[in-house]
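So you can see what is in the structure, the chains are spelled out below.
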Amino acid sequence: LGAMGIRILLAATMGWPATARIAGGLSRFGCHVDVLCPLEAPVRHSRYVNLRHPYRALSPVTSLRDALSISQPDLVIPCDDRAVQHMLRLIALEPDTREAACLSRSLGAPENYGALMSRGSFMAQCRELAIAVPETISLDHESDLDAAVETLGLPAVLKADGSWGGDGVVIVRTREEAHAAWRKLSQPVSPLRSLARAVLRSDAHHIHAMMAKPAQPRLSIQKFISGNPATTAFACWQGEVVGTIHADVVASACATGPASVVKQIDCAAMEAAARSIARRFNLSGLHGLDFISTPQGEVFLLEINPRATQTSYLAFGHGRDPLSGLVEAASGTRCRARTPSTANRLIALFPQEWSRNPASPYLKTAFHDIPWDDPDLLRAWLAVTSPAPARKEAGMHPPQRSRVYGLETIAS
């Protein structure tokens, strides 16, 4: 496949900003980009998207199958964890179809994703690869919790499989907090609570969860490592890494949430971890890793995000451009190098940092990554992005957007 002819479907079940930025990045290589996403997702407004397929939360696998049938993509890039689950589900339901073959090619080795998406199993395999990881203990019952806390000490981190974006992760500092977190994370959501969430959040996924048989999440507990968060976005093809971006997390919405300001770095340990994991699980596509770096210079891997992450679209030159590496590997064609995202390695992600703190000094000192080349997308983001509730409660208000961004014409 030539890069000019490669057809890519972005699969998204949420309106995360990275989906649209990935579409814009792929367009630089002449890729034909379609998207499967909710009707309210801002990516639908991007000038870089061709076909826009509706994602229906009540029939997610059918939505994916329909999009695949119409777009006939060469590659599918999942942009959130739920999209990965739908891809795996469709492969399992219809393993001998063209659609399943495309999804399998896009993921690399679907049969390995069970171990990849189990936090306990993944940590165990990383330890076998000699990757530094915090000690992690899988929990089958609440009665296992006290012994695990005795082994790991406090504070510790309780995690539920199948969660993302910081949800399903609780830092516990006492035994009482550990048991309270267990009871919160281990219980399947009741039908009544799912219905309430569906109404309050206007999210039909909770209706789907209410109709399905609720499964009890699997939990693990991890030794707490004090340090600074770091992240890796990487592209791989058939088990080989073809592009990486490593970054320190400078600011984030909360202790366990996604970054809003990052600083691009080079790190041999993070690079080695990405390459070892790609080989072990025979991965293809875009993925992310979360790390913690200690004051002593040690780097510990915390978990994997088996899908595109919010820095996947950035470019910092040869070997530091995941999108370029993936397109070249999938198409077999050399791509023209993209201009680096910025010479300033400190990046305030848009709209994440403004949403976190509209008075943030990083909006001035860092490179504020605003998609000026995609004005309709920008308008859509400005329409739905608002300051965090905590700032409203504190009496803080966002400055006028025209002053923050220089959007005199766009904001109007």
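Whatever comes next refers back to the structure up there.
Keep in mind it's a predicted model, so treat the numbers as computed, not measured.

Trainee: Help me understand the overall build of the protein chain, please; the structure alone is not making it clear to me.
Mentor: Looking only at helices and strands, the protein chain features 17 helices and 15 strands. Buried residues in the protein chain amount to 52% of all 412 residues. Restricting the contact set of the protein chain to residue pairs at least 6 apart, pairs at least 24 apart contribute 66%. If you sum the accessible surface of the protein chain, you get close to 18,200 Å²; carbon and sulfur atoms cover 53% of it.

Trainee: Explain the environment of Leu314 here, please?
Mentor: Examined against the element boundaries, Leu314 turns out to sit in the loop between strand E13 (299-305) and helix H12 (322-331). Between the C-alpha atoms of Leu314 and Ile347, which are 33 residues apart in sequence, the distance is 10.0 Å. Excluding residues within four positions of it along the chain, Leu314 makes contact with Ile245, Arg320, Asp321, Pro322, Arg338, Ser341, Ile347 and Asp369.

Trainee: Can you help me understand the nonpolar core in this one?
Mentor: Soluble, globular proteins show a tendency: their nonpolar side chains are buried together. Membership of the largest hydrophobic core comes to 45 residues, with the highest contact counts inside it found for Ile8, Leu10, Ile22, Leu26, Cys31, Ile77 and Leu286. With residues up to four places along the chain from it excluded, the contact list for Leu286 reads Ile22, Ile77, Phe234, Ala235, Pro306, Arg307, Ala308, Ser312, Pro322, Leu323 and Leu326. In this structure, Leu9, Ala57, Leu64 and Ala67 belong to the second largest nonpolar core, which totals 44 residues.

Trainee: How should the sheet that holds strand E3 (residues 52-54) be read in this particular structure?
Mentor: Taking strand neighbours across the sheet as the criterion, the 4 strands line up as E3-E2-E1-E4 in an open arrangement whose pairing is parallel. Every other strand in the sheet has two partners, leaving E3 and strand E4 (75-78) as the edge strands with one partner each. Across this sheet, the average inter-strand angle for adjacent strands is 20°, counted without regard to direction. Both strand E2 (residues 32-37) and E3 contribute to a ladder of 3 bridges, which runs parallel.

Trainee: When you look at the pairing of strand E11 (residues 259-265) in this model, what are you seeing that I'm missing?
Mentor: Sheet faces and side chains relate simply in a regular strand, where the side chains alternate between the two faces. When you tally the buried positions in E11, you get 6 out of 7 residues, the bulk of the element. Note that strand E10 (residues 240-252) and E11 share 6 bridges and pair antiparallel. Across the sheet, Asp248 pairs through a bridge with Lys263, a residue of E11. Turn length for the E10-E11 hairpin, with the two strands adjacent in sequence and antiparallel, is 6 residues. Sheet topology places E11 next to strand E14 (residues 346-349); 3 bridges connect them, and they run antiparallel. Counted as the bridge partner of Val261 is Ala348 from E14.

Trainee: Sorry if this is basic, but what is going on with the layout of surface pockets here?
Mentor: Over the atoms, a rolling probe the size of a water molecule traces out where space has been left empty. Empty space within the second largest pocket amounts to approximately 420 Å³. Along the wall of the second largest pocket there are 22 residues; nearest its centre are Arg21, Arg28, Arg338, Asp369 and Asp373. At the level of elements, helix H1 (17-27) and strand E15 (367-369) are the ones that each hand at least two residues to the lining of the second largest pocket. In terms of residues, the lining of the second largest pocket owes the most to one element, H1, which gives 4 residues. Residues belonging to the lining of the second largest pocket are distributed by class as follows: 11 nonpolar, 5 polar and 6 charged.

Trainee: What is the right way to read the packing of aromatic side chains from this model?
Mentor: For any pair of aromatic rings, the description consists of the separation of the ring centres together with the inter-plane angle of the planes. According to the stated counting rule, one finds 2 aromatic pairs in the structure shown. Summarising the aromatic geometry, the rings of Phe122 and Phe281 are spaced 5.9 Å apart at their centres and angled 35° between planes, so their arrangement reads as tilted. Residue Phe122 is located in helix H6 (residues 119-128), and its partner Phe281 is located in helix H11 (residues 268-281); the two are separated by 159 residues in the primary sequence.

Trainee: What is the right way to look at the packing of helix H2 (residues 60-71) against helix H3 (residues 81-93) in this model?
Mentor: Each pair of packed helices can be described by the angle between their axes along with the distance between the axes. Where H2 contacts H3, the axes come no closer than 9 Å and their chain directions differ by 80°. Put simply, H2 runs roughly perpendicular to H3. Mapping the contact onto sequence places Pro60, Val61, Leu64, Arg65 and Leu68 in H2 and His86, Met87, Arg89, Leu90 and Leu93 in H3. Split into classes, the residues belonging to the contact of H2 with H3 amount to 7 nonpolar, 1 polar and 2 charged.

Trainee: Hey, could you run me through unusual backbone geometry in this one?
Mentor: A negative phi angle characterises most non-glycine residues, just as the trans form characterises most peptide bonds. The residue after Leu154, namely Pro155, is reached through a cis peptide bond having omega 0°. Here Pro155 lies in the loop between helix H7 (145-152) and strand E6 (156-160). Look at Gln72: it is not a glycine, yet its phi comes out positive at around 50°. In this fold, Gln72 is placed in the loop between H2 and E4. Among the residues examined, Gln72 registers a relative accessible area of 33% and is labelled partly exposed.

Thresholds applied
- Residues numbered from 1 in each chain as written.
- Predicted model: local features only at pLDDT ≥ 70, side-chain atom pairs only at ≥ 80, totals over all residues.
- Heavy atoms only, no water.
- Helix = DSSP H or I, 4+ residues; strand = E, 2+ residues; numbered from the N terminus.
- Buried < 20%, exposed > 50% of the residue type's maximum accessible area, 1.4 Å probe, protein only.
- Contact = heavy atoms within 4.5 Å.
- Areas by Shrake-Rupley, 256 points an atom, 1.4 Å probe, with all protein chains shown as cover.
- Core = buried A, V, L, I, M, F, W, Y, C linked by side-chain atoms within 4.5 Å.
- Pairing = 2+ DSSP bridges.
- Axes fitted to C-alpha atoms, helices over the stretch in contact; angles between N-to-C directions.
- 1 Å grid on protein atoms, 1.4 Å probe; cavity = no way out; pocket = protein on both sides within 12 Å on 5 of 7 lines; lining within 4 Å.
- Points joined across faces, edges and corners; volume = space filled by probe spheres on them.
- Nonpolar A, V, L, I, M, F, W, Y, C, P; charged D, E, K, R; others polar.
- Phe/Tyr/Trp six-rings, centres within 6.5 Å; stacked < 30°, edge-to-face > 60°.
- Parallel < 35°, antiparallel > 145°, perpendicular 65-115°, else oblique.

Keep in mind these values describe shape, not function.
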